[in-house]
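Residue-level structure breakdown
Below, each chain spelled out in residue letters.
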Amino acid sequence: INLRTVYAFAREMYPKKSTAPIQYGTAGFRGKAEFLDSVMYRMGVLATLRSRIRGGAVIGVMVTASHNPEPDNGVKLIDPKGEMLEASWESIATDLANVEDSELEAHVAKIISDNKIDVGSSSNVFVGMDNRYHSPRLLKAVADGVIALKGNVREFGIVTTPMLHFFVVAANTRGAYGQPTEEGYYRKLITAFEILRGDNLENGNYRNKLVFDGANGVGARKMLQFIKRMHDSLQVDVINKGDGKINENCGADYVKVKQGVPIGMPIVEPYTRCVSVDGDADRVVYFFTDDKNQFRLLDGDRIATLVADYLMDMVKRCGLDLSMGLVQTAYANGGSTDYISNTLQVPVACVPTGVKHLHHKALQYDIGVYFEANGHGTVIFSENAKSLIKAASETSVDAKTLLHVIDLINETVGDAISDMLLVETILNHKGWDVKDWLATYDDLPNLQLKIKVQDRNVITTTDAERVCVTPVGLQEAIDKVVSNYKRGRAFVRPSGTEDVVRVYAEAATKDETESLAYEVGILVQ
Ligand code: 16G
Ligand code: ZN
C-alpha cells in the first residue's frame with residue numbers, strides 16, 4: 001500500500017472544506033452534507049483498517065443522518081458483531097476526521113503503526129445509505145477510501161440502518177444469522193412473521209390493518225418491498241413514501257416530540273393503529289386518535305413493556321429458567337418504570353442515552369429487552385438462552401414458537417420494521433387493539449425543552465444522566481424545584497447530537513409538568 005496515494009486521492013477528490021472541529025458522537029458524525037465528503041472518505045479508510053485489525057471481518061459503514069432534517073447527513077461505523085464502533089475507536093475516528101489534508105498521510109501511517117496493522121492482510125467493508133439526495137455522492141467517498149487502502153468494498157445502495165447491521169452479522173457468521181442480502185433479510189423476517197401469524201389474521205379486538213408513516217425515508221421504500229413479498233398477512237397503508245422532504249412534519253421523532261399526527265394522514269376511523277418510523281428506520285412509535293379526536297402516543301416504553309410481558313409469559317410456559325431484564329434511559333416515563341417493577345416484576349436498569357449503552361447493559365441478561373422512549377430498541381438473547389430454547393423446542397410447542405419469535409427480531413440493533421412486526425404479532429396473540437394496549441398503565445404527562453447556552457459541556461452528569469455533577473449547585477437547585485411537584489421528576493443533560501441542553505420534566509398533571517420544565521429551564525440558562 002502506498003500511503004502517498006491515500007493523500008493524493010484526498011487532496012484531488014476529497015479535500016477538507018471546513019475548519020470547524022467535528023466529533024464522533026452518540027451515533028457517529030453528523031452535519032451539513034456539503035462539509036462531509038472528506039469525513040466520509042476518511043471513514044472509508046478507517047473502516048478498512050478496522051477490518052484488518054479484526055482479521056478481515058466485515059465492518060459496516062452507514063451513510064445517514066437518521067431523523068435529522070434533509071440538508072444534514074452523517075456516517076456511523078458498525079463493528080463485526082453488528083454493534084456500534086468500539087468506544088476506544090471513537091477518538092481515533094475523531095482525530096482522523098479532523099487532521100489537515102497535508103498531515104493525512106503521516107496520520108494514517110501512525111494509526112497503522114500504533115495498532116500494528118498488517119496492511120497486506122485482507123479487509124472487507126459493507127456500505128449502505130439512506131435516500132437523501134447527497135447520500136450517493138457521500139457513499140462513493142466512503143468506497144473510495146476503502147479502495148485507496150486496497151480493501152474490498154461491497155455496496156448495498158439504499159438500505160435501512162438495521163438492514164446494514166443485519167448484513168454485517170450475517171456475513172460474519174457465515175450465514176448462521178441469515179443471508180447477507182436484501183432478499184435474505186426479507187425472507188428471514190417474513191417467514192418468521194407468517195409462521196407466527198398462521199391463518200389467524202385477526203383475533204379478539206385485533207384488526208389486521210394499520211397506517212405506516214415512512215417519514216419520506218428509506219423505511220417507506222422497504223416497507224413497500226415487504227408488502228410485495230408478504231402474502232397479505234398484514235394490510236399496511238404506507239404514507240409519506242418519499243414525495244416530501246425526509247422527516248419534515250413526519251416520522252417517529254416528529255410524532256414523539258410534537259405529540260401529534262404526521263402530515264399526510266388519511267381520514268381514518270378513531271382507534272386506527274398507526275405507526276411512524278424515522279428516516280433510516282431504526283426507530284418506531286405507535287399512535288392513534290380516539291373518539292374525541294385526541295392524539296395518543298404508544299412510544300418505546302410501551303413497546304418495551306408489551307414485549308417484556310409477552311416474552312416472560314412465553315419463557316414461563318416453556319418451563320425455562322432464564323434471567324430477563326429491561327433496560328431504559330432517564331427519558332423512560334415514570335409510569336412505565338413503575339409498571340415494569342411493580343406489575344411485571346421484571347428487573348429494570350437505567351443507563352445513559354445512546355444505543356451502545358443500552359445494548360451493552362442488555363447483554364448481561366439471558367433475555368435483554370432494551371428500548372429508548374423515542375422508539376429505538378430491540379431484544380437480545382444470550383447463547384445460553386438460545387440453546388436452552390432450542391433444546392426445549394424438541395418437545396414444547398411454546399419453545400418452538402419462541403424460536404420463530406427470535407427469528408423475527410433483528411437482534412443486531414433497533415429495527416423499526418422488525419419491531420413493528422413483533423408488536424403486531426403480540427397484539428394479535430393477545431387479541432388486543434391500541435385501546436387495550438394503552439390501558440396497561442398510565443403515562444405521566446411529560447415535556448422536553450431545548451435550551452441554547454454558550455457551552456453545553458459545562459453541564460456534566462452521573463447516575464445515568466439523572467444527576468448533575470457540574471455546575472456545582474445546579475442539582476441542589478433542581479431538587480428543590482422538583483420537591484414542590486407531585487410525582488415530579490426532572491433532569492438536564494447536554495445533547496450528544498445538537499448544540500443544546502435538553503430538559504426533561506414529568507409530573508402528575510400537564511400544567512404542573514409545563515411549570516416544572518419551565519422552572520428547571522430557567523436554572524440552566
Ligand atoms: C442518537 C442515538 C439515540 C439517542 C439520540 C439522543 C444511536 C444509534 N442513536 O440518535 O439512541 O436517543 O442520539 O440524542 O445511538 P441527544 O443526545 O441529542 O438527546
Ligand atoms: Zn435513526
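Every value quoted in this text rests on a predicted model; they were computed, and no experiment measured them.

The rules behind these values
- Residues numbered from 1 in each chain as written.
- Chains lettered and ligands numbered in written order.
- Predicted model: local features only at pLDDT ≥ 70, side-chain atom pairs only at ≥ 80, totals over all residues.
- Domains from an automatic or database assignment.
- Contact = placed C-beta atoms within 7 Å.
- Nonpolar A, V, L, I, M, F, W, Y, C, P; charged D, E, K, R; others polar.
- Buried ≥ 20, exposed ≤ 12 C-beta atoms within 10 Å, placed from the backbone.
- Helix = DSSP H or I, 4+ residues; strand = E, 2+ residues; numbered from the N terminus.
- Pairing = 2+ DSSP bridges.
- Core = buried A, V, L, I, M, F, W, Y, C linked by C-beta atoms within 7 Å.
- Near = placed C-beta within 6 Å.

**Topic: the domain arrangement of the protein**
- What the domain assignment lists for the protein is domain 1 (3-158), domain 2 (186-296), domain 3 (300-415 + 431-438) and domain 4 (446-524).
- Here the C-alpha centre of domain 4 lies 29 Å away from the C-alpha centre of domain 3.
- Between domain 3 and domain 4, the contact holds ten residues from the first and ten residues from the second.
- Each residue belonging to the side of domain 3 that touches domain 4 can be placed in one class, and the counts come to five nonpolar, five polar and no charged.

**What to know about the pairing of strand β8 (residues 274-277)**
- Covered by surrounding structure in β8 are Cys274 and Ser276 together with Val275 and Val277, the residues of both alternating faces.
- As paired strands, β8 and strand β9 (residues 284-289) are joined by four bridges and run antiparallel to one another. Pairing of valine 275 across the sheet is with tyrosine 286, part of β9.
- Connecting the antiparallel pair β8 and β9 is a turn made up of six residues, with alanine 281 showing a positive phi of about 60°.

**Details of the nonpolar core**
- Of all hydrophobic cores here, the largest spans 127 residues; its most connected members are Met40, Met43, Val142, Val307 and Val369.
- If near-sequence neighbours (up to four positions away) are discounted, methionine 43 is found in contact with Val61, Val75, Leu77, Ala93, Val142 and Gly145.
- Residues Ala330, Val503, Ala505 and Ala517 belong to the second largest nonpolar core, which totals 18 residues.

**A few points about the site of ligand 1**
- Taken together, 14 residues form the shell around ligand 1, and within it Ala27, Val355, Ser495, Gly496 and Thr497 come nearest.
- A class-by-class count of the residues in the shell around ligand 1 yields two nonpolar, nine polar and three charged.

**Examining unusual backbone geometry**
- Here the bond from threonine 470 into proline 471 is cis, since omega is -10°, no more than 30 degrees from zero.
- As for its placement among the helices and strands, proline 471 is situated in the loop between β17 (467-470) and α17 (474-482).
- Residue asparagine 240 is not a glycine yet carries a positive backbone phi of 50°.
- Of note, asparagine 240 is situated in the loop between β7 (235-239) and α9 (252-258).
- The buried category is assigned to asparagine 240, around which 27 C-beta atoms lie within 10 Å.

**Looking at the pairing of strand β10 (residues 295-298)**
- Pairing of β9 with β10, which is carried by four bridges, proceeds in the antiparallel orientation. Note that in β10 the partner of phenylalanine 287 across the bridge is leucine 297.
- Here β9 hands over to β10 after five residues, with asparagine 293 in that stretch at a positive phi of 65°.

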